[in-house]
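If you want the building blocks of each chain, they are given just below.
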Amino acid sequence: MRIMSGLICALVLAPHAAMGADLKAVDRWRAAHEPAIIGQLDELVRMRSVAADPKGLAATATRLEGLLKARGFSTSQLTIPGAPPLVTGTLLTQGAQRTVTFYAHYDGTPVTPSQWQSAPFAPVMRDGARTVDWKAAKAPFNRDWRFYGRAAADDKAGIVAFLAAFDALKAGGQKPSVNLKVVWEGEEERSSPHLTELMRLHAKALRSDLWLIGDGPLHQSRTPTLYFGTRGMMPAEATIYGPLRPLHDGHYGNWAPNPAVMAAELIASLRDSEGNIRILGFADDVAPLSQAARAAIAALPPVEAALKKEFALPRSEGREGLTASTMRPALNIRGMSAGGVGAASTASIPSEASISMDFRIVPGQTPERVRQKVEAFLIAHGWKIVRQAPDATMRAAHPKLIKLVWGGGYVAQRTDMSAPAAKAAIAAGTSAAGKPVVQLPMMGASVPLSMIEKQFGVPLIGLPISNHDNNQHTADENIRLGNLWDGIRLYAAMIANLSW
């Protein structure tokens, strides 16, 4: 274990101001500093903080630590072999009774530059299809402009929103209502393989009363949003085997089993067209939703008609609605591959077919139980499961042969929406929004909140700011400026208005 700078220590500020930060003053400060805020985001997005570039991750961590230090935080970079630095900071306020950790991740997903309209690490501003020279433009900027680049929305915009909110409050002489801790992770997009160990080694330094998770998109209505949990995840890669080599489909079709067809049949046996998982007993472990969660879902603004139009969808799966559907387990087929299509087609039976999938799991389920139930289902339906690529003898011996490789999974997490910390966050969010915030009992995506909850046993609440159509994990990732501006206001309220 190596600590790249000193252990977290305390910096004590003057007594904190009374509750009720002047958020209009925050807005005025932001409006006067929009070019500098975008300049900070531009700098961070240009840094190649992806798993394939360890030097880029290290450089990003060092820059982030410097940004915290410049604001008076006591900082550290925590690491263990094989892990990018966990950037941490602490700022204590005299008289504050609570400590709140602001979490985000600074790593982004891999990129395929040819799929992007512009280079992923050379960010650009656009107004629709038109590129905008934001450096020459006059502030205030158009709220509907979008800033494009890898990790712009997921999560560097959230990091910049926190820093700008802190600066705005400080400029106005407004003190935090809570002690502040920051944890910025560098491998969330790889399922946080070292986070548990780092938290265990530094549990005392990282402990707080509440974690606010700066990840994920707003509700599709663009209403300021808090979420109180996330689904867990269990990914898997499957390979199904046919003939030892591709065979002419005219000579051997209807005789040699086709692994592409077998893959399609397997998927149809695992889930139906409404998204229901067909594995017997798969949902037996699912914990029911609370009354508060059901009420929160019922109160959500309607968005499905608009989303169907936006995505050109003729229908949706299931009948319970978008958010309710994300409260149950899901089997997602992320990709399939077999043979070739179009110009690459060879009129042959492929020798194998590949399926990439993930199970999104909910409270009560575990990755281990998911794996057991899936494999028991496959065996009961005649599949022979292997972990390595089979030889010719193995292929000839089993008519339904599948190589199944599971990824690292983690469980779902849900915070009690009626807990005092949750009520405080809702009140602070409402003060920022000027209206009731959207309350999601659980976000449909997966973030390793369960690791944090297991270590510290405190509430965790999602603090998303990105637009729902931000293209995270895909080409042309972007953050809408209006979302960033509203995010700064929301973060300011969480820094200065939290009390319970």
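Look a little higher up for the structure.
No experiment lies behind these values; they were computed from the predicted model shown.

What counts, and where the lines are drawn
Residues numbered from 1 in each chain as written. Predicted model: local features only at pLDDT ≥ 70, side-chain atom pairs only at ≥ 80, totals over all residues. Heavy atoms only, no water. Salt bridge = Lys/Arg side-chain N within 4 Å of Asp/Glu carboxyl O. Helix = DSSP H or I, 4+ residues; strand = E, 2+ residues; numbered from the N terminus. Buried < 20%, exposed > 50% of the residue type's maximum accessible area, 1.4 Å probe, protein only. Pairing = 2+ DSSP bridges. Axes fitted to C-alpha atoms, helices over the stretch in contact; angles between N-to-C directions. Contact = heavy atoms within 4.5 Å. Phe/Tyr/Trp six-rings, centres within 6.5 Å; stacked < 30°, edge-to-face > 60°. Lys NZ or Arg CZ within 6 Å of the ring centre and 35° of its normal. Core = buried A, V, L, I, M, F, W, Y, C linked by side-chain atoms within 4.5 Å. Parallel < 35°, antiparallel > 145°, perpendicular 65-115°, else oblique. Left-handed = near helix turned anticlockwise from the far one by under 90°. Expected span 1.5 Å × (residues − 1).

A few words now on the pattern of salt bridges. Under the definition given, this model contains 24 salt bridges. In this structure, Asp285 and Lys373 form a salt bridge, with 3.4 Å as the shortest nitrogen-oxygen distance. Residue Asp285 is found in the loop between helix 8 (259–270) and helix 9 (291–298), and its partner Lys373 is found in helix 12 (residues 367–380); the two are separated by 88 residues along the sequence. A relative accessible area of 26% means that Asp285 is categorised as partly exposed. In this structure, the salt-bridge partner of Asp358 is Arg334, at a minimum N-O distance of 3.8 Å. Here the residue Asp358 occupies a position in strand 17 (residues 352–361), and Arg334 occupies one in strand 15 (residues 330–337), the gap between them amounting to 24 residues.

Strand order in this open sheet of 4 strands is 7-6-8-23, and the pairing throughout is antiparallel. Across the chains shown, the open sheet's two edge strands, defined by having one partner strand only, are strand 7 (130–132) and strand 23 (478–480). Between one strand axis and the next, the sheet turns through 35° on average, direction left out of account. By the bridge criterion, 3 bridges tie strand 6 (residues 124–127) to strand 8 (residues 146–148) in an arrangement that is antiparallel. Considered in strand 8, the bridge of Met125 is made with Phe147. Where helix 16 (residues 481–496) meets the sheet, its contacts fall on strand 6 and strand 23, and the angle it forms with strand 23 comes to roughly 65°.

A few words now on the environment of Ser325. Among the secondary structure elements, Ser325 is positioned in helix 11 (residues 322–325). Residue Ser325 is classed as buried on the basis of its relative accessible area, which comes to 19%. It is 26 Å that separates the C-alpha atoms of Ser325 and Lys435, two residues lying 110 residues apart in sequence. What Ser325 contacts, discounting residues up to four positions off in sequence, is Arg231 and Glu320.

Going through the model one piece at a time under the given rule, you end up with 12 aromatic pairs. With a centroid separation of 6.5 Å and an interplanar angle of 40°, the aromatic rings of Tyr103 and Trp211 are classed as tilted. Of this pair, Tyr103 sits in strand 5 (residues 99–105) while Trp211 sits in strand 10 (residues 210–213); the two residues are 108 residues apart in sequence, bridging distant segments of the chain. A residue is classified by how much of its surface remains accessible, and Tyr103, at 2% relative accessible area, is buried. With 6.2 Å between their ring centres and 45° between their planes, Tyr252 and Trp255 make a pair best called tilted. For Trp255, a relative accessible area of 68% translates into the label exposed. Three or more aromatic residues link up through ring pairs in this structure, and these residues are Phe73, Phe102, Phe162, Phe166, Trp184 and Tyr491. The ring of Tyr148 carries Arg126 above its face, with NZ or CZ at 4.2 Å from the centroid.

A few words now on the nonpolar core. Within the largest apolar cluster, 77 residues are counted, with the highest numbers of intra-cluster contacts made by Phe102, Phe162, Trp184, Leu484, Met494 and Leu498. At 13 residues, the largest contribution of residues to this core is made by helix 4 (residues 152–171). When near neighbours in sequence (up to four residues on either side) are disregarded, Leu484 contacts Ile37, Ile38, Leu41, Ala157, Ala161, Ile465 and Ile479. Counting residues in hydrophobic clusters, the runner-up holds 30 residues, among them Leu195, Ile213, Val362 and Ile452.

Further remarks concern the packing of helix 14 (residues 420–433) against helix 16. Relative orientation and spacing of two packed helices are given, respectively, by the angle between their axes and the distance between those axes. Orientation of helix 14 relative to helix 16, taken along the N-to-C sense of each, is 135°, at an axis distance of 8 Å. Here helix 16 runs oblique to helix 14, going by the angle between their axes. The crossing of helix 14 and helix 16 is right-handed. Across the interface between the two elements, Ala425, Ala428, Gly429, Ser431 and Ala432 of helix 14 pack against Arg489, Leu490, Ala493 and Met494 of helix 16.

Of all 10 residues making up strand 13 (residues 232–241), 9 are buried, and the element is well covered by its neighbours. Where strand 13 lies against strand 17, 10 bridges are found, and the strand directions are antiparallel. Paired with Ala238 across the strands is Ile355, a residue of strand 17. The pairing of strand 13 with strand 19 (residues 401–406) spans 5 bridges and is antiparallel. The residue of strand 19 that forms the bridge with Ala238 is Leu404.

With 3 bridges joining them, strand 18 (residues 384–386) and strand 19 adopt parallel strand pairing. Across the sheet, the residue bridging to Lys384 is Leu401, located in strand 19.

Bringing the sheet that holds strand 19 into the picture now. Taking strand neighbours across the sheet as the criterion, the 5 strands line up as 15-17-13-19-18 in an open arrangement whose pairing is mixed. Every other strand in the sheet has two partners, leaving strand 15 and strand 18 as the edge strands with one partner each. Pairs of neighbouring strands in the sheet enclose a mean axial angle of 25°, with direction left out of account. In the packing of helix 8 onto the sheet, contacts are made with strand 13, strand 15, strand 17 and strand 19, and the angle to strand 17 comes to roughly 15°.

A rise of 1.5 Å per residue sets the reference length of helix 2 (residues 34–45), with its 12 residues, at 16 Å; its end C-alpha atoms lie 16 Å apart and thus fit the reference within 8%. Turning to helix 2, its buried residues are Glu34, Ile37, Ile38, Gln40, Leu41, Asp42, Leu44 and Val45.

At the junction of Ala139 and Pro140, the peptide bond is cis and its omega measures out at 5° in the coordinates. Checked against the element boundaries, Pro140 lands in the loop between strand 7 and strand 8. Even without being glycine, Ala151 reaches a positive phi, approximately 70°. Within the secondary structure, Ala151 is located in the loop between strand 8 and helix 4. For Ala151, a relative accessible area of 1% corresponds to the buried category. In this structure, Ser191 is a non-glycine residue whose phi angle is positive, near 70°. Looking at where Ser191 falls in the secondary structure, it is placed in the loop between strand 9 (179–185) and helix 5 (195–201).

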